[in-house]
Amino acid sequence: MLEKIIILDFGSQTTQLIGRRVRELNTYCEIVPFNKFPHDDAGIKGVILSGSPYSVYDAAAFKADLTAIRGKYPVLGICYGAQYMAYTSGGNVEPADSREYGRAHLCVVDDSCPLLKHIAAGSQVWMSHGDTVTSLPQSFRVIASTKSVEIAAYRVEGEHSYGVQFHPEVFHTADGTRLLGNFLDICGCKRDWTPASFIESTVAELRRQLKDDKVILALSGGVDSSVTAMLLNAATGKNLTCIFVNHGLLRKNEFEDVMKDYEHLGLNVKGVDASAKFYDALKGVTDPERKRKIIGKGFIDVFNEEALKLKDTQWLGQGTIYPDVIESLSITGAVIKSHHNVGGLPEGMRLRLVEPLRMLFKDEVRRVGKELGMTPGLINRHPFPGPGLGIRVLGDVTPEKVRVLQEADHIYMSLMREWGLYDSVWQAGAILLPVRSVGVMGDDRTYENAVALRAVTSADAMTADWAQLPFDFLAKVSNEIINKVKGVNRVVYDISSKPPSTIEWE
Ligand code: XMP
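Conventions and cut-offs
- Sequence order as written defines residue numbering, which begins from 1 separately in each chain.
- Under the rules for a predicted model, residues below a pLDDT of 70 receive no local features and side-chain atom pairs below 80 are neither given nor counted, while totals for whole chains, interfaces and linings still include all residues.
- Heavy atoms throughout the structure, all of them, feed into the side-chain values; hydrogens and water do not.
- Under the scheme used here, helices are H or I runs from DSSP no shorter than 4 residues and strands are E runs no shorter than 2 residues, and both carry numbers assigned from the N terminus.
- Exposed residues in this analysis have more than 50% of their type's maximum accessible area, buried residues have under 20%, and partly exposed residues fall in between, with area computed by a 1.4 Å probe over protein chains only.
- Contact definition: two residues touch when any of their heavy atoms are within 4.5 Å.
- Here the accessible surface of atoms and residues is derived via Shrake-Rupley with a 1.4 Å probe, and residues count as covered only by protein chains that are part of the display.
- His is not counted, nor are the chain ends, whereas Lys and Arg count as positive and Asp and Glu as negative.
- To locate a charge, take NZ of a lysine, CZ of an arginine, CG of an aspartate or CD of a glutamate.
- Pairing between two strands requires that DSSP report at least two bridges joining them.
- Residue ranges for the domains originate in an automatic or database domain assignment.
- Think of it this way: one heavy atom of a residue within 4 Å of a molecule or strand is enough to make that residue near it.
- We define a polar contact as two N or O atoms separated by no more than 3.5 Å, with the added condition that, inside protein, one atom must be a possible hydrogen donor and the other a possible acceptor, whereas residues neighbouring each other in sequence contribute only through side-chain atom pairs.
- Polarity classes work like this: nonpolar for Ala, Val, Leu, Ile, Met, Phe, Trp, Tyr, Cys and Pro, charged for Asp, Glu, Lys and Arg, and polar for all others, with Gly in that last group.
- Axis definition: a line fit to C-alpha positions, over the contact stretch in the case of helices; interaxial angles, taken between N-to-C directions, run 0 to 180 degrees.
- Small angles under 35 degrees read as roughly parallel and large ones over 145 as roughly antiparallel, with 65 to 115 read as roughly perpendicular and the rest as oblique.
- The criterion for a disulfide is a pair of cysteine sulfur atoms lying within 2.5 Å.
- For this document, the term salt bridge refers to a Lys or Arg side-chain nitrogen within 4 Å of an Asp or Glu carboxyl oxygen.

Engineer: How do you make sense of the overall build of the protein chain when you look at a structure like this?
Structural biologist: Within the protein chain one finds 13 helices and 18 strands. C-alpha atoms of the protein chain, sized along the principal axes, occupy 90 × 55 × 40 Å. Out of the 506 residues in the protein chain, the part that is buried amounts to 53%. Residue pairs in contact within the protein chain that sit at least 24 positions apart in sequence constitute 73% of those at least 6 positions apart. With the model as given, the accessible surface of the protein chain reaches about 23500 Å², and the carbon-plus-sulfur share is 51%. Placing the 57 positive and 62 negative side-chain charges of the protein chain at their respective mean positions leaves the two points 3 Å apart.

Engineer: Quick question: what am I supposed to make of unusual backbone geometry here?
Structural biologist: Most peptide bonds are trans, and most residues other than glycine sit at a negative phi. Backbone torsion omega between Lys 498 and Pro 499 reads -15°, so that peptide bond is classified as cis. A cis amide bond links Pro 499 with the next residue in sequence, Pro 500, at an omega value of 5°. Relative to the assigned elements, Pro 500 resides in the segment after β18 (488-493). At Asn 26, a position not held by glycine, the phi torsion is positive, near 55°.

Engineer: How should I be thinking about the pairing of strand β7 (residues 140-146) in this particular structure?
Structural biologist: Look at any regular strand and the pattern is simple: side chains alternate between the two faces of the sheet. Most of β7 sits out of view: five of its seven residues are buried. Bridge count between β7 and strand β8 (residues 153-156): four bridges; the pairing is antiparallel. For Phe 140, the partnering residue across the bridge sits in β8 and is Val 156. The turn linking β7 back onto β8 is made up of six residues.

Engineer: Would you mind showing me how to read the domain arrangement of the protein chain here?
Structural biologist: The figure often quoted for interface size is the accessible area lost as the parts come together. When the domains of the protein chain are assigned, the result is domain 1 (4-187), domain 2 (195-379) and domain 3 (392-493). The C-alpha-based centres of domain 1 and domain 3 are spaced at 49 Å.

Engineer: I would appreciate a short explanation of the site of the ligand in the present structure.
Structural biologist: Residues in close proximity to the ligand include Arg 292, Pro 383, Pro 385, Gly 386, Pro 387, Gln 427, Ala 461, Lys 498, Thr 502, Ile 503 and Glu 504, which together make up its full environment. Gly 386 places a main-chain nitrogen or oxygen 2.9 Å from an oxygen atom of the ligand. A distance of 2.7 Å separates an oxygen atom of the ligand from a polar atom in the side chain of Lys 498. Expressed as a share of its isolated accessible area of 500 Å², the protein-covered part of the ligand is 68%. Here the shell around the ligand is built from residues that sort into five nonpolar, three polar and three charged.

Engineer: Would you take a moment to explain the packing of helix α4 (residues 195-210) against helix α10 (residues 362-371) for this structure?
Structural biologist: Helix packing for two helices is described by the angle between their axes and how far apart those axes are. Where α4 meets α10, the closest approach of the two axes is 9 Å, and the angle between their N-to-C directions is 80°. As summarised for this structure, α4 and α10 are arranged roughly perpendicular, according to the angle between their axes. Where α4 approaches α10, its residues Pro 195, Ala 196, Phe 198 and Ile 199 are matched on the opposing element by Arg 367, Val 368 and Glu 371. A breakdown of the residues in the contact of α4 with α10 according to their chemical character gives five nonpolar, no polar and two charged.

Engineer: Even after reading the chapter, I still don't get the pairing of strand β16 (residues 444-457), so can you show me in this structure?
Structural biologist: Across 12 bridges, the pairing between strand β15 (residues 427-441) and β16 is antiparallel. Opposite Met 441, over in β16, you have Asp 444 as the bridge partner. Taking the residues between adjacent antiparallel strands as the criterion, β15 and β16 are bridged by two residues, where Gly 442 takes a positive phi near 60°. Here β16 pairs with β18 via five bridges, running parallel. The residue of β18 that forms the bridge with Ala 452 is Val 492. Across two bridges, β16 lies against strand β17 (residues 465-466) in antiparallel orientation. Paired with Thr 457 across the two strands is Asp 465, which belongs to β17.

Engineer: Help me understand the state of the cysteines in this model?
Structural biologist: A covalent bond bridging the sulfur atoms of two cysteines is what the word disulfide describes. Within this structure, the stated rule accounts for zero disulfides. Cys 113 carries a free sulfur, and the closest cysteine sulfur to it, the one in Cys 187, is 13 Å from it. Note on Cys 113: relative accessible area 2%, which makes it buried.

Engineer: Would you take a moment to explain the sheet that holds strand β14 (residues 352-354) for this structure?
Structural biologist: Reading across the sheet, the five strands line up as β12-β11-β10-β13-β14 and stay open at both edges, with parallel pairing between neighbours. In this open sheet, the two edge strands, each paired with only one partner strand, are β12 (269-273) and β14. In this sheet, neighbouring strand axes are inclined to one another by 30° on average, regardless of whether the strands run parallel or antiparallel. Strands in contact with α4 are β10 (214-219), β13 (313-317) and β14; relative to β14, the strand with the most contacts, it is inclined by about 170°.

Engineer: I would appreciate a short explanation of the pattern of salt bridges in the present structure.
Structural biologist: Note on pairing: side chains with opposite charge can pair once their charged atoms come close. In this structure the tally under the stated criterion is 31 salt bridges. Between Glu 480 and Lys 476 there is a salt bridge, and its shortest N-O distance comes to 3.7 Å. With Glu 480 and Lys 476 both in helix α13 (residues 471-484) and four residues apart, this pair spans about one turn of that helix. By sharing partners, the salt bridges in this structure join Arg 20, Asp 363 and Arg 367 into a single network.

Below is the structure:
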């Protein structure tokens, strides 16, 4: 039985972080909206209540019925979660005299309490709250204080319920991971959830689910779809057909290289070269959003054509990962948006979705990929947009412009690997500008295109900064491109951050 911790999400910005910390402690957990405690309680070992943007007094505050949870499972309330548990048991919660944000230190600690085992007085904690618990219900006991917050942590007598006013999940709480680990010990978790155990249980589950059914999956060359394919392949083998569409807007040699990688991994992949179709549909189109739509629709059409050729397919595999799933669960649980990496399904094809990574974070997907024997080249690949070079050739797209950009991009990316810079940036690529400028080569005047180089650092692509690549590296790339790529006589480096710019130019 898979052991798990349930995290009830009251809307805090750090809920996902709590999930990651628990997973890092080799324990599986699921984040669910505050009012959607699972009906099926198999394997549940404990419950964490997250923080919230609300105060317990707000009319709109999220309220959960804890009567069936407290006493049955160990419970840890964090910030709002702690205030909510105290308040709903008759305690007092009041706005703090001064809102407390940032560092504080525990000055009194009852380390005989199992939650605070091996946590010493003086330990730094991170506070971020407007309210505090000012008086506790009868059976609640203070177990830690800071200089300005008397009830920084409490326990409840007669049950394994605890509350902490600070945030153990954030980096700045020095003993936060230890505290969460102590809570997992209180829950009796074995802490044996690893990439290997994930693979074993997922493959067994997929075998039960898919039996002898046939599955189709679109591969993109990226890590999510590749790891999905590997898991489905381990479970169903010959019953899995992967489709890898070449829209003619991939990087130089990428179609061939990725096909080879997939074949080495033992996947049954059908490569479909539909470049001509895409170039045709893109002819003369300059508007970025229209280009995106054309490429997206073209992709669905080609995939559907291939899917229809496969008789008796019952399942569509998708590389959906946990952040997409969490994003699509509104906190009220009302709207569940489906994430389609592929888009609409063919008319008359009733495929059921199978998404083996839907409970994993990106770094966990990478670790599973490594465990499955995928090469670092495939696992650590930079993100690459679905519309590919179609949105990096600015303005209208022609096969010739794509070829020029592929050459420039290839030089840039190869040198980046050679200089050991590839893994230090989030993503990088070259952009072909619709600008010509004057140059001089030998005795001749030239009037040719400019290429922009982009490289950014980022944690999640929501914000990004331009990467401070070494000048001598940039000089080398510029020289190589101008000397070797016919049609380019100028190279510039993009020094814009996101926001206000974006990572891609279109
Ligand atoms: P922006 O340009 O919005 O990009 O800062 C954020 C991240 O998303 C990628 N991106 C896309 N990916 N289809 C995709 O699959 C798209 O249309 C698309 N546009 C941008 C971009 O490369 C970056 O990683």
